[in-house]
Amino acid sequence: MSANTETLRRICPTCEACCGLILEIDRDEQKIISIHGDPDDHRSKGYVCAKSQAFNYIYEDGERLRHPVKKTANGWEEISWDEALDIIGEKFSQIRDQHGKDALALYVGNPLGHDFSAGVYLQSLMASVGTERFFSAGTVDQHPQQLVCWGLIGHEWMIPVPDLARTDFLICMGANPVVSQGSILGTPDPKSAMKEIQARGGKCVVIDPRMTETAVVADQHIFIKPGTDAYFLMAFANVLFAEDKIDWGHLASHIDNAGKLREAVQSYTPENTAEVTGVAAEALRTLVAEYSAAEKSALYGRIGLCTQEFGLASHWMLALVSLMSGNFDTKGGMMFSTGSTGGMGAGGAGDVKPYGRWHSKVRGVPETCGELPASLMAEEITAKGDEVRGLLTICGNPVLSVPRGNKIREALETLDFMVCLDIYINETTSRADIILPTTVHPEHSNIDVTFQSFTTRDFASYSPKTFDPDPKLKDLGEVILEVSARMSGISRDEMDGFIFQGLVDMAVERATADGYELSSETVHEKVTGDTSPERFADVLMRSGPYGDQFGRKGDGLSLDKLKQHPQASMDMGALKPRMPETLATPNQRIDVMHELFANDLPRLRERFEQLQAEAADSGGSQNMLLIGRRHVRDMNSWLHNLKPYVRGKNRCTMKISPDDAERIGLVEGGQAKVVSNVSEVVVPVEITVEMMPGVISIPHGFGHVYAGSVQSNAETIAPGISCNDLIDESLDVASGTCIVNGVPVQVMPAVAT
Ligand SMILES: Nc1nc2c(c(=O)[nH]1)N[C@H]1C(S)=C(S)[C@@H](COP(=O)(O)OP(=O)(O)OC[C@H]3O[C@@H](n4cnc5c(=O)[nH]c(N)nc54)[C@H](O)[C@@H]3O)O[C@H]1N2
Ligand SMILES: Nc1nc2c(c(=O)[nH]1)N[C@H]1C(S)=C(S)[C@@H](COP(=O)(O)OP(=O)(O)OC[C@H]3O[C@@H](n4cnc5c(=O)[nH]c(N)nc54)[C@H](O)[C@@H]3O)O[C@H]1N2
Ligand code: SF4
Ligand SMILES: [Mo]
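All figures in this text were calculated on a predicted structure; none of them were measured in a lab.

**Quick word on the environment of Val705**
Item 1. Residue position: Val705 is located in the loop between strand 27 (695-697) and helix 26 (712-717).
Item 2. Residue Val705 is classed as exposed on the basis of its relative accessible area, which comes to 55%.
Item 3. On a C-alpha basis, the gap between Val705 and Ile721 in space is 7.8 Å, while along the polypeptide they are 16 residues apart.

So, in structure tokens, the structure goes:
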């Protein structure tokens, strides 16, 4: 090793698994020489996936923006931070003063979840802007799970994960952890976790319209028709009732309305749902028998259950089956992580419902979890007489990642002023008036606050800043703080101070609840951290569930202790039962027939009858249902400019079963035209037995075809098409979630013969 090389450890910032890494760096050259899995990381034990190098490729990408830019008649021109921030503060304030707060809109994308500081400051930005037109990737993601957890246990952000280390029986529905590396199931190397279940005599079952990479590892795969999981799970619950297999476990005395639930699921049986779901009655009955016989069973579901016609009902039933079989909040079942910084916040706490508090302007769709569905962006932006005039996007690419993406792109043209906080000029940000680029992971420290709350084994982690950033870049959190301070008419330091004091007050309240004395002065005196966000994290950790209580508990956690730990991640132990203590519903009751679910029953029934009628009349048509898929080298739309990840075979293909391909007249490698009610695309055909008949799969995040982007590898090597152009604004109305799985389309050869 030469004199200027160093070794350091950090957490991989690219997905929820949070694998431990060892970096060899050259400080003089500001280069990362190598990245390997850390064999001593207690969770990942040396494991990494192909994307472990992604954050360095991004750091090195010559097309990454490295200074703020302003759009002019002569193209993008560099602009100073002061000028950019002043213009933004002035323009957004002007729009708000002249046209009201809802003339401003915000869209927040997924990478923000990987940046602790940005998450904290986002709250204050939302308060400063005050708009009801808040959109995020969440409405194309986990909203049903948030609402289910709020409805059942009173916490929007306490979502259970499967206790993989102790379960004997894992059912995985609408998730592909072997590729996605697990979501709301934070575990490095899910494939090995499944193999360990099998090695100790357990079983893994995957229920999915595609025989996924996870299904291949599992012991059994069951095809299910997209959008019908709620019926499958109601029939599952029906069998549990009918066969007297109900066991509410340690939560039995907290359950309300079990009788009404029994009635609600009575009319859905394995026999009468079989035609609708495509799952044979016998297969369902056997599954229920095995699930019930296993000592510890975990029933897990994710995106495929969320972003479909009955996202809320599917996740509601998923949670209820766990509850009614004694597998909720118990070892080996579905459990809750204990994040080291404490609760993620109760969201809509007490009797404040996190839905229906306001509505979209055009079609009156209720907000859920503080957001309007992202697919409504185009119509909201162009709402006649109630237009959005100013838009701020933060780490998001809605033009590719949100249904009606092409229409959203057109709508962006009508804005008076648009600002993006992003690292690339891409399909969305190329429409902006100003782009503010921010530091990337090697240039700032990080704490995986979000993902510590959705892990299969508790941990606390810290990733140090590797290099000093380019002087022309600021951290994302800092930029958000600057914008929100300007929108509130106070200085950034004042605003920062308010946020810090809010957290100090929270620590004092936590101390009182935990039965010890703590003064605000003590917190101010003892807090450590190199940046404001680090100090925020220190306060939260020290007053959190594993905290040192500001010196009272010698062996407790603090940021300093975490920084001194030889690995980037500290083990906080196996998942622990958290209920009933943490139940935050009124009177700590669990209403299994909460209105969130009960109000959706008529819609479920109506659709069931339609589906029964359709099932009787099938065959011979070009009508198919579109679902999505992910690939291990992708991350939504944003890794496509990195050559090592887009080289090789085109991944943006349409997968279809051999029978369907033959009937429709498609050949392997040929082109198919896919037509929906709103658009059409032409896409290469991939014929595979992976697909359930009647279903096609196209990945999202492609469609790098618009002029004005500066992502030459994405545009030339892997342009693809955007499946989101095909998808309309339809919603799972119970949760306000966009339906991107189970979308009706017609498929035909691209060139008529
Ligand atoms: N059809 C279909 N659509 C889907 C899905 C699906 O399964 N099917 N999945 C949905 C899901 S789950 C999600 S989460 C959304 C994702 O939706 P988005 O988050 O809107 O989309 P991404 O493509 O991830 O865009 C990320 C943006 O962040 C920028 N970025 C990346 N890293 C950084 C950084 O460190 N700093 C800053 N400032 N910017 C950064 C990238 O340049 C890019 O512009 O897509 C959803 N869309
Ligand atoms: N490599 C890679 N990893 C990622 C991402 C990525 O883009 N690439 N994105 C990250 C993000 S933002 C997220 S949210 C997570 C998502 O994590 P996962 O949910 O594990 O990811 P998906 O691969 O989208 O899995 C969804 C599955 O649902 C199936 N499905 C579709 N419709 C239905 C249905 O109606 N019923 C059932 N039962 N199944 C259905 C699909 O076939 C697919 O296998 O992944 C994260 N990790
Ligand atoms: S699984 Fe996720 S956290 Fe682990 S190396 Fe791959 S991208 Fe990074
Ligand atoms: Mo996501």
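**Side note on the sheet that holds strand 1 (residues 5-11)**
Item 1. Taken in spatial order, the three strands make up an open sheet running 1-2-3, and their pairing is antiparallel. Since the sheet does not close on itself, it has two edges, and those belong to strand 1 and strand 3 (31-37), each with one partner. For this sheet, the mean angle separating the axes of adjacent strands, direction not counted, is 25°.

**Remarks on the domain arrangement of the protein**
Item 1. Examined at the domain level, the protein breaks down into domain 1 (159-336 + 582-598) and domain 2 (618-749).
Item 2. Each of domain 1 and domain 2 was reduced to a C-alpha centroid, and the two centroids are 28 Å apart.
Item 3. There are one salt bridge connecting domain 1 and domain 2.
Item 4. Here Glu690 ties to Arg210 by a salt bridge, and the two come within 2.9 Å at their closest N and O atoms.
Item 5. Here domain 1 and domain 2 share seven residue pairs in polar contact (both at pLDDT 80 or more) between them.
Item 6. Elements with a minimum of two residues in the side of domain 1 that touches domain 2: helix 5 (177-180), helix 12 (303-306) and helix 13 (311-324).

**A few points about helix 8 (residues 229-242)**
Item 1. For helix 8, built from 14 residues, the straight-helix expectation of 20 Å at 1.5 Å per residue is met to within 8% by its first-to-last C-alpha distance of 20 Å.
Item 2. Counting buried positions over the 14 residues of helix 8 gives 13, a clear majority of the element.
Item 3. Two residues or fewer past helix 8, Asp244 is found with a positive phi of approximately 55°.

**Thoughts on the pattern of salt bridges**
Item 1. This model, assessed by the stated rule, comprises 52 salt bridges.
Item 2. The salt bridge involving Lys101 is made with Asp102; its shortest N-O contact spans 3.4 Å.
Item 3. The exposure class assigned to Lys101 is partly exposed, which follows from its relative accessible area of 36%.
Item 4. Classification of Asp102 as buried rests on a relative accessible area of 12%.
Item 5. Residues Arg492 and Glu478 are paired through a salt bridge, measuring 3.0 Å at the closest nitrogen-oxygen approach. With Arg492 in helix 18 (residues 492-514) and Glu478 in helix 17 (residues 476-488), this pair connects stretches of sequence that are 14 residues apart.
Item 6. Here Arg492 falls in the partly exposed class, since its relative accessible area comes to 27%.
Item 7. Taking relative accessible area as the criterion, Glu478 reaches 25% and is therefore assigned partly exposed.
Item 8. Salt bridges linked by common partners bring Asp86, Lys474, Glu478, Glu482, Arg486, Arg492 and Asp493 together as one network.

Cut-offs applied
Residues numbered from 1 in each chain as written. Chains lettered and ligands numbered in written order. Predicted model: local features only at pLDDT ≥ 70, side-chain atom pairs only at ≥ 80, totals over all residues. Heavy atoms only, no water. Helix = DSSP H or I, 4+ residues; strand = E, 2+ residues; numbered from the N terminus. Buried < 20%, exposed > 50% of the residue type's maximum accessible area, 1.4 Å probe, protein only. Pairing = 2+ DSSP bridges. Axes fitted to C-alpha atoms, helices over the stretch in contact; angles between N-to-C directions. Domains from an automatic or database assignment. Salt bridge = Lys/Arg side-chain N within 4 Å of Asp/Glu carboxyl O. Polar contact = N/O pair within 3.5 Å; in protein donor to acceptor, adjacent residues only side chain to side chain. Expected span 1.5 Å × (residues − 1).

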